[in-house]
Amino acid sequence: MKVLTVGVAAVLAMAGLTTPAHAAGSAPSPGSAGLGDRLYPLLGNGGYDVLDYDLHLRYPQKDPEQVVSGDVTITAVARQSLSRFNLDFGGGSAGRVSVDGRPAGSSRDGDELTVTPSRPLRPGRAFRVTVTGFTAAPARAGSGSPAGLVPTPDGTVLAGQPDSAHLVFPANDHPRDKATFTITLTAPAGWTGTAGGRLVSTTEHDGYVTSVYRESAPMATELVQLAVGDFVVERRAPVGGTAIRDVVPRRLAGTLLPAITGERRQLAWMAEQVGPYPFDGYGSLVIDDDLGYALETQTLSLYGAALFTGPEATRGPSMTHELAHQWFGDSVSPYSWSDVWLNEGHATWYEMLWSEQTGGFPQYTGLADREAFFKAVYAAGDIFRRRYGPVAAPLDATTSWDVFNPNVYAGGALVLYALQQKLGAARFQQVERAWVTAYRGRSASTRDFVTLASRVARQDLRPFLTAWLDGATTPPMPNHPDWTVAPPPVGVTARS
């Protein structure tokens, strides 16, 4: 399949990938192994920007524990004169590697796959690197932590956040480098292959079914979904022009499909809050596994079935949280993983707002209303900061939960509450809408948010937001001089 249908020069111009004049004459050098993310220094790679992935995966049997094989062609543009470059890959065999159709050298060191093309790549030049015959094996998540391909009783799904997509396929596995995707899944007849994006075609051949999906909106690798197994795909009437499809195990369809229908009302509600939904379609993927988490994989949120055994007062806010991520985290992705509060703080904000407006807040939280919730979070502010670090600066990434900690969820939402208290509800909503509009399809940082909020508010919010986001202690809450912060207990240190 031909993925790019416009000229390379036009692609580079649209993507803002024009080459600095000084780079054209520079000597070839290696691209960096890692983008220098403070929390994940080796995640992602330097020296190039990915434009598109053409990913093919083959599932030979009806076995959730099986090893899968695949090929991927990555279309990228060199940002410097490259003698070699790296891909992130932590799967099984790396197979064969070529660049622009010519065999290339390759070597592996941990999760780094180093590629040496037969000749250096010029800066500003588009190129294609193909990895053929790589393999990956499912692994059960430990302690509720995402682990790449996850086996379930009915098939496998992908849980790639924050750093596990490259356990399945070679990639530039950092949300700073988003790209479009074509995903082709081949599985035995009777199994269904589903991925993020729009279904392009389904063909049957020799006892297998091949399904091709296209995501034409930029997508971070950590947001890719690959669901293959004995699943049913239920297509429902659109909501405001957004196509709806839900994916559940065939044997549980009668129970799960009716429980998911609330997403339609949530989708319309979220669009009222922040503006049009940013993708062509949406839906829920529910698996028979106690994940311990849900994931906002792009256009198809992932849940464990246990969520849907509870009351609407519980599942509704949780579903709204993942839906909100389609704007905050998927369409607008974090520039670095320290910026993850922009994902989780916003998703928590709309989760709590939905819960309050639908009347289930006391049942969901055990508190009377959002005011009581934020007062309680405020009281714990210094404890959170001591244990996990400031809202926009998690202490480390020893485990994924050190990054995805309570201070980026509840603490991030508290920052938004403080901003709303300072600006008023109407101006705050203008900031929210401006954010998802200005950075749609892009990656953006905390600094970008502070700059945009200051522009929309017509005042310099840097001192205010810097104290809330980066301070070691919790600032005073606007309009609530009576709110107090509890001191951290003696001996409380990071993650104690």
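Given the structure is predicted, the values throughout are model-derived calculations rather than measurements.

**Q** Account for the packing of aromatic side chains, with residues named and values stated.
**A** One pass over the structure, following the stated rule, counts 30 aromatic pairs. Ring plane angle 80° and centroid distance 6.4 Å describe the contact between F361 and F373, whose orientation is recorded as edge-to-face. On the criterion of sequence distance, the pair formed by F361 in helix α6 (residues 361-365) and F373 in helix α7 (residues 370-379) is long-range, its members being twelve residues apart. The residues F361 and F373 share a single accessibility class, namely buried. Ring pairs connect the aromatic residues W349, F361, F373, F374, Y378, Y417, F428, F464, W468 and W483, which therefore count as one cluster. Its end group placed over the ring of Y335, R176 keeps NZ or CZ at 4.0 Å from the ring centre. The aromatic ring of F464 is capped on one face by K422, whose charged end is 5.0 Å from the ring centroid.

**Q** Hey, could you go over the nonpolar core for me, with residue numbers and the actual values?
**A** One finds F308, W327, W341, Y350, W435 and L465 to be the most contacted residues of the largest nonpolar core, which totals 82 residues. Per-element tally for this core: the top contributor is helix α10 (residues 406-423), with ten residues. Contacts of L465, omitting those with residues within four sequence positions, involve V415, L419, V450 and A453. Grouped together as the second largest cluster of nonpolar side chains are 47 residues, A94, L121, L158 and V228 included.

**Q** Outline the side chain of R385, supporting the account with residue identities and numerical values.
**A** You can see R385 is positioned in helix α8 (residues 381-388). Salt bridges are absent for the buried R385, whose nearest opposite-charge side chain, D382, sits at 5.0 Å. Excluding residues within four positions of it along the chain, R385 makes contact with P390, V391, N407, A467, W468, G471, A472, T473, T474 and P475.

**Q** Tell me what's going on with the pairing of strand β16 (residues 226-229), and back it up with residues and numbers.
**A** What you see with β16 is no split at all: L226 and V228 on one side and A227 and G229 on the other are buried throughout. Direction of pairing for strand β11 (residues 155-159) relative to β16: antiparallel, over a ladder of two bridges. Opposite T156, over in β16, you have V228 as the bridge partner. In this sheet, β16 lies alongside strand β13 (residues 192-195) in antiparallel orientation, the contact comprising four bridges.

**Q** Tell me about the sheet that holds β11, residues and numbers included.
**A** Within a sheet, neighbouring strands are paired by backbone hydrogen bonds and run either parallel or antiparallel to one another. Within the open sheet, the four strands sit side by side as β10-β11-β16-β13. Their pairing is antiparallel. A single partner strand is all that each edge strand has here, and the edge strands are β10 (148-152) and β13. Geometrically, the sheet is characterised by an average inter-axis angle of 15° between neighbouring strands, direction not taken into account.

**Q** Describe the layout of surface pockets, listing the residues and the values that go with them.
**A** A volume near 460 Å³ is recorded for the second largest pocket. Taken together, 26 residues form the lining of the second largest pocket, with G292, Y293, A294, L295 and E322 sitting closest to its centre. Elements with a contribution of two residues or more to the lining of the second largest pocket: β21 (301-304), α4 (312-325), α5 (341-357) and α9 (400-403). Among the elements that make up the lining of the second largest pocket, the one with the highest residue count is α4 (four residues). Of the residues in the lining of the second largest pocket, the class split is 13 nonpolar, seven polar and six charged.

**Q** Let's hear about the sheet that holds strand β5 (residues 96-99): which residues, and what values?
**A** The mixed open sheet is built from eight strands, whose spatial order is β6-β5-β9-β3-β2-β12-β15-β14. Each having just a single partner strand, β6 (102-103) and β14 (198-205) make up the two edges of the open sheet. As defined by bridge partners, strand β2 (residues 48-58) adjoins strand β3 (residues 68-78) across ten bridges and the pair is classed as antiparallel. Paired with H56 across the two strands is D71, which belongs to β3.

Reading the values: rules and limits
Residues numbered from 1 in each chain as written. Predicted model: local features only at pLDDT ≥ 70, side-chain atom pairs only at ≥ 80, totals over all residues. Heavy atoms only, no water. Phe/Tyr/Trp six-rings, centres within 6.5 Å; stacked < 30°, edge-to-face > 60°. Helix = DSSP H or I, 4+ residues; strand = E, 2+ residues; numbered from the N terminus. Buried < 20%, exposed > 50% of the residue type's maximum accessible area, 1.4 Å probe, protein only. Lys NZ or Arg CZ within 6 Å of the ring centre and 35° of its normal. Core = buried A, V, L, I, M, F, W, Y, C linked by side-chain atoms within 4.5 Å. Contact = heavy atoms within 4.5 Å. Lys, Arg positive; Asp, Glu negative; His and termini not counted. Salt bridge = Lys/Arg side-chain N within 4 Å of Asp/Glu carboxyl O. Pairing = 2+ DSSP bridges. Axes fitted to C-alpha atoms, helices over the stretch in contact; angles between N-to-C directions. 1 Å grid on protein atoms, 1.4 Å probe; cavity = no way out; pocket = protein on both sides within 12 Å on 5 of 7 lines; lining within 4 Å. Points joined across faces, edges and corners; volume = space filled by probe spheres on them. Nonpolar A, V, L, I, M, F, W, Y, C, P; charged D, E, K, R; others polar.

Shape descriptors only; they carry no functional weight alone.
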